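Here's the letter readout for the chains.
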Amino acid sequence: MIKFFLMVNKQGQTRLSKYFEHVEIHKRTSLEADVIKSCLSRTKDECSFVEYKDFKLVYRQYAALFIVIGVDEAENELAVYELVHNFVEVLDKYFSRVVTSQIMFNLDKVHIILDEMILNGRIVETNKSRILAPLLVLDKMSES
């Protein structure tokens, strides 16, 4: 099961966070700081899977953006690793070219995409067209 989803820039600033289990606000900040520190300090030659406390971290870097997902021991790391790539492909398809500023100015749309892909910590959809369908409907409604 997926516990949390983070998008972080190279400076370690969280750009998006989504938790699928309840974590108190003050614990989130320390958790994010520890997770970011442990992932950003690794070299490109090291594995993208990290054991952290009672769960595993799966992360992937895209230019200046890191995507980090915390999962429990039962989750398949490779499936989550591919989920990250699929998520970036969906963002790329919708925004044409993913830039950190687009994510910051369109957080609502990024959350909709994420909600279409992951529900209650489980991967529910990977088809790009189905994931983007609700956003395209919203875009058509806002145009008219």
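Nothing here was measured: the structure is a model prediction, and the numbers come from that model.

About the criteria used
- Residues numbered from 1 in each chain as written.
- Predicted model: local features only at pLDDT ≥ 70, side-chain atom pairs only at ≥ 80, totals over all residues.
- Heavy atoms only, no water.
- Helix = DSSP H or I, 4+ residues; strand = E, 2+ residues; numbered from the N terminus.
- Rg over C-alpha atoms; globule rule 2.2 N^0.38 Å.
- Contact = heavy atoms within 4.5 Å.
- Areas by Shrake-Rupley, 256 points an atom, 1.4 Å probe, with all protein chains shown as cover.
- Lys, Arg positive; Asp, Glu negative; His and termini not counted.
- Charge placed at Lys NZ, Arg CZ, Asp CG, Glu CD.
- Salt bridge = Lys/Arg side-chain N within 4 Å of Asp/Glu carboxyl O.
- Buried < 20%, exposed > 50% of the residue type's maximum accessible area, 1.4 Å probe, protein only.
- Axes fitted to C-alpha atoms, helices over the stretch in contact; angles between N-to-C directions.
- Left-handed = near helix turned anticlockwise from the far one by under 90°.
- Nonpolar A, V, L, I, M, F, W, Y, C, P; charged D, E, K, R; others polar.
- pLDDT = per-residue confidence, 0-100.
- Pairing = 2+ DSSP bridges.
- Phe/Tyr/Trp six-rings, centres within 6.5 Å; stacked < 30°, edge-to-face > 60°.

(A) Seen up close, the overall build of the protein chain. Of regular secondary structure, the protein chain possesses five helices and seven strands. Going from N to C terminus, the protein chain has its helices and strands arranged as β-β-α-β-β-β-α-α-α-β-β-α. The C-alpha radius of gyration computed for the protein chain amounts to 15 Å, which stays within 12% of the reference 15 Å derived for 144 residues, consistent with globular compactness. For the C-alpha atoms alone, the extent of the protein chain along its principal axes is close to 50 × 30 × 30 Å. Partitioning the contacts of the protein chain with sequence separation of at least 6, the portion at a separation of at least 24 is 47%. Summing over all exposed atoms, the protein chain offers an accessible surface of approximately 8,100 Å²; the carbon and sulfur share of this is 52%. Distance between charge centroids for the protein chain: 3 Å, based on 19 positive and 21 negative side chains.

(B) Expanded view of the pattern of salt bridges. Following the criterion strictly, the structure yields seven salt bridges and no others. The salt bridge involving Asp 115 is made with Lys 18; its shortest N-O contact spans 2.9 Å. One end of the pair, Asp 115, is in helix H4 (residues 107-117); the other, Lys 18, is in strand S2 (residues 14-19), and 97 residues separate them in sequence. Lys 18 gets classed as partly exposed once you look at its relative accessible area, which sits at 21%. Between Glu 89 and Lys 128 there is a salt bridge whose closest N-O contact spans 3.1 Å. Taken together, the positions of Glu 89 in helix H2 (residues 77-95) and Lys 128 in helix H5 (residues 128-143) put the pair 39 residues apart, joining distant regions of the chain.

(C) A look at the packing of H2 against H5. The N-to-C vectors of H2 and H5 enclose an angle of 35°; their axes lie 10 Å apart at closest approach. Once H2 is placed against H5, the crossing between them reads as right-handed. Seen from H2, the contacting residues are Asn 86, Glu 89, Val 90, Lys 93 and Tyr 94; seen from H5, they are Lys 128, Ser 129, Ile 131, Leu 132, Leu 135, Leu 136 and Asp 139. Here the residues of the contact of H2 with H5 sort into six nonpolar, two polar and four charged.

(D) Examining the confidence of the model for the protein chain more closely. For the protein chain, the average pLDDT comes to 92, and 100% of its residues sit at 70 or higher. Mean pLDDT values over the elements of the protein chain span from 85, in helix H3 (residues 100-105), up to 96, in strand S6 (residues 118-119).

(E) Broad picture of the pairing of strand S3 (residues 49-52). Side chains Val 50 and Tyr 52 of S3 all project onto a buried face; the interleaved residues Phe 49 and Glu 51 project onto a face where none is buried. In the sheet, S3 pairs with strand S4 (residues 55-62) via four bridges, with the strands oriented antiparallel. Among the inter-strand pairings, Glu 51 is bridged to a residue of S4, identified as Lys 56. Here S3 folds back onto S4, and the loop between the two strands holds two residues, one of which, Lys 53, carries a positive phi near 50°.

(F) The arrangement of the packing of aromatic side chains in detail. Counted according to the given criterion, the structure contains seven aromatic pairs. Judged by centre distance (5.8 Å) and plane angle (40°), the rings of Phe 4 and Tyr 19 are tilted. Here Phe 4 is found in strand S1 (residues 2-9), whereas its partner Tyr 19 is found in strand S2, with 15 residues between them in sequence. By relative accessible area, Phe 4 is classed as buried at 2%. Aromatic pair Phe 49 and Tyr 81: ring centres 5.9 Å apart, planes at 85°, arrangement edge-to-face. One end of the pair, Phe 49, is in strand S3; the other, Tyr 81, is in helix H2, with 32 residues separating them in the sequence. With a relative accessible area of 22%, Tyr 81 lands in the partly exposed category.

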